[in-house]
Structures are given as structure tokens and as C-alpha cells.
Amino acid sequence: DAGAAGLPDLVVSCPTPADILGEGATVRVPWTATNVGSGRAEPFLVSLLLERPAMTAGESPRFVELATERSPTALSADEMGTGELVFVAPDWVRGGPNPLRCVVDAMEEIEELDEANNDDDASLIVLALPDLRITALTSTYNVSRSEVDYRFQIDNIGGSAASDIGWAVQTNAGSSAS
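Owing to the predicted nature of the structure, the values given are computational and were not obtained by experimental measurement.

Visitor: In this structure, what is going on with the overall build of the chain? I would like to understand it.
Guide: Counting secondary structure elements, the chain contains zero helices and nine strands. For 178 residues, the compact-globule estimate of 2.2 N^0.38 gives 16 Å, and the chain exceeds it by more than 25% at 27 Å. The principal-axis extents of the C-alpha atoms in the chain amount to approximately 100 × 35 × 30 Å. Expressed as a percentage of its 178 residues, the buried residues of the chain come to 30%. Here the contacts in the chain between residues at least 6 apart in sequence split such that 67% fall between residues at least 24 apart. Split by element, the accessible area of the chain, about 11,100 Å² in all, is 49% carbon and sulfur.

What follows is the structure, given as C-alpha cells:
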């Protein structure tokens, strides 16, 4: 195609970032963009999107933009540029893999040979930690023996098993209930 001669063609690669513990963690995603076309690509945007799960009935998961960076330089044919997108994990990340997408030239500011090859998918892995909660607590006082019997239940509402758990009971001896 004579009209396509001299056009750039940007492709992007974003590896899976380091695992995080959950919301509030700083996430760093390196990116590499390569101009596989024959023309020069002026400085371009690289965006990072994270899939937000459905939060209500009837809502579908959707990708949300969390970071964007403009490349500092243009890329000639067969030239490669790199950068890093940084964001703070939002409160809606879930334990396990969270779909992540890097997109180069998402706003289609640059006329390219192929606009369909501008994204790369990866996963943000959120380690599923145990989350222990006391869900039932009762106490019975035996007056004749001056003893208190505590019964409680601990439930793990987190994403992984808990081992070697311990607990402590603190009482205020000599106090009275009113």
C-alpha cells in the first residue's frame, strides 16, 4: 500500500508488576514501546488501565485508567522507548489476579500503520491474606467459683488460610457491671 509508506506503528509491552498486599500499595509497571513501522512516531501517551470489578448488581466489570505518561522523545523506525507507570492500588482490588492493560497512543493522536496492535494485557496479583474476625463472643460468670467462661468464634473472611493464630483476653478484675 503506497499510502501506508512512511507511517509509524507503535506496539507496547508491559510485564506483570510485582505482587502487592492490597489497596494502598504503590504499583510500578515498566513499559516498553517499539515503533515497528517505517515512519517517525512523535512523543505519545502510554496509559495503564486496571479492571474494576462489578460493584453492584447489573454493573459489569470495566477498565479504569489509573496512570498515563507521555513518552519524552519521538521514536524513529525500529526504535524502542521505555518508561514506568506508577499508581496506588485502589480499594476495589481483589485478592488474586486483577486484569491490567497497557495502551500506547490510546487517544489515536498518531496516524499509524496498524491501530489495532496498541495494547498489552497483564495481571496485577494481589496476595490474598487472612483476615481474622471475632464473630461471636459470650461469657458466663460462675459466682460460686469466681470464674468466667469465655466462648468465642474466629472466622477468616480473607483469601488464604491462617495458621499459628493466638489470642489474648484482657479483663478488669474487681470491676462491676452497671
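Visitor: Even after reading the chapter, I still don't get the environment of P17, so can you show me in this structure?
Guide: Among the secondary structure elements, P17 is positioned in the loop between strand 1 (10-13) and strand 2 (26-35). In this structure P17 touches V27, R28, V29, L100, S123 and L124, once residues within four positions along its chain are discounted.

Visitor: Quick question: what am I supposed to make of the state of the cysteines here?
Guide: Taken as a whole and judged by the stated rule, the model has one disulfide. The partner cysteine of C14 in its disulfide is C102, sulfur to sulfur 1.9 Å. Judged by the sign of its S-S torsion, about -110 degrees, the bond between C14 and C102 is left-handed. Here C102 lies in strand 6 (residues 96-104) and C14 lies in the loop between strand 1 and strand 2, a separation of 88 residues in the sequence.

Visitor: I keep staring at the sheet that holds strand 1 and nothing clicks. Help me out?
Guide: Across a sheet, paired strands are connected by hydrogen bonds in the backbone, their directions being either parallel or antiparallel. In spatial order, the strands read 1-2-5; together these three strands make up an open sheet with antiparallel pairing. Across the chains shown, the open sheet's two edge strands, defined by having one partner strand only, are strand 1 and strand 5 (80-88). Neighbour-to-neighbour, the strand axes of this sheet turn through a mean angle of 25 degrees, independent of strand direction. Note: strand 1 against strand 2, four bridges, orientation antiparallel. Opposite V11, over in strand 2, you have T34 as the bridge partner.

Visitor: Please explain the pattern of salt bridges as it appears in this structure.
Guide: Side chains that differ in sign of charge can pair as their charged atoms come close. Evaluation of the coordinates by the stated rule reveals eight salt bridges. Linking R70 and E109 is a salt bridge whose minimum nitrogen-to-oxygen distance equals 3.3 Å. In this pair, R70 sits in strand 4 (residues 62-70) while E109 sits in the loop between strand 6 and strand 7 (119-126), placing the two residues 39 residues apart along the sequence. Classification of R70 by relative accessible area gives partly exposed; the value is 41%.

Visitor: Explanation requested: the nonpolar core in the structure shown.
Guide: For soluble globular proteins, nonpolar side chains are generally found buried alongside one another. V29, W31, F44, L48, F87 and L124 are the most contacted members of the largest nonpolar core, which has 28 residues in total. Listing elements by their share of this core, those giving two or more residues are strand 1, strand 2, strand 3 (45-52), strand 4, strand 5, strand 6 and strand 7. Here the element with the most residues in this core is strand 2; it accounts for four residues. Apart from residues no more than four positions distant in its own chain, L124 is found in contact with P17, A18, I20, V27, L50, F87, V93, G96, P97, N98 and L100.

Visitor: I tried to follow the sheet that holds strand 3 on my own but got confused; where do I start?
Guide: In spatial order, the strands read 4-3-6-7; together these four strands make up an open sheet with antiparallel pairing. Because the sheet does not close on itself, it has two edges, and the strands there are strand 4 and strand 7. Averaged over all neighbouring strand pairs, the angle between strand axes comes to 25 degrees, with direction disregarded. As judged from the eight bridges shared by strand 6 and strand 7, these two strands associate in the antiparallel manner. Residue N98 lies in a different strand from strand 7, and its bridge partner there is L124.

About the cut-offs
- Residues numbered from 1 in each chain as written.
- Predicted model: local features only at pLDDT ≥ 70, side-chain atom pairs only at ≥ 80, totals over all residues.
- Heavy atoms only, no water.
- Helix = DSSP H or I, 4+ residues; strand = E, 2+ residues; numbered from the N terminus.
- Rg over C-alpha atoms; globule rule 2.2 N^0.38 Å.
- Buried < 20%, exposed > 50% of the residue type's maximum accessible area, 1.4 Å probe, protein only.
- Contact = heavy atoms within 4.5 Å.
- Areas by Shrake-Rupley, 256 points an atom, 1.4 Å probe, with all protein chains shown as cover.
- Disulfide = S-S within 2.5 Å.
- Pairing = 2+ DSSP bridges.
- Axes fitted to C-alpha atoms, helices over the stretch in contact; angles between N-to-C directions.
- Salt bridge = Lys/Arg side-chain N within 4 Å of Asp/Glu carboxyl O.
- Core = buried A, V, L, I, M, F, W, Y, C linked by side-chain atoms within 4.5 Å.

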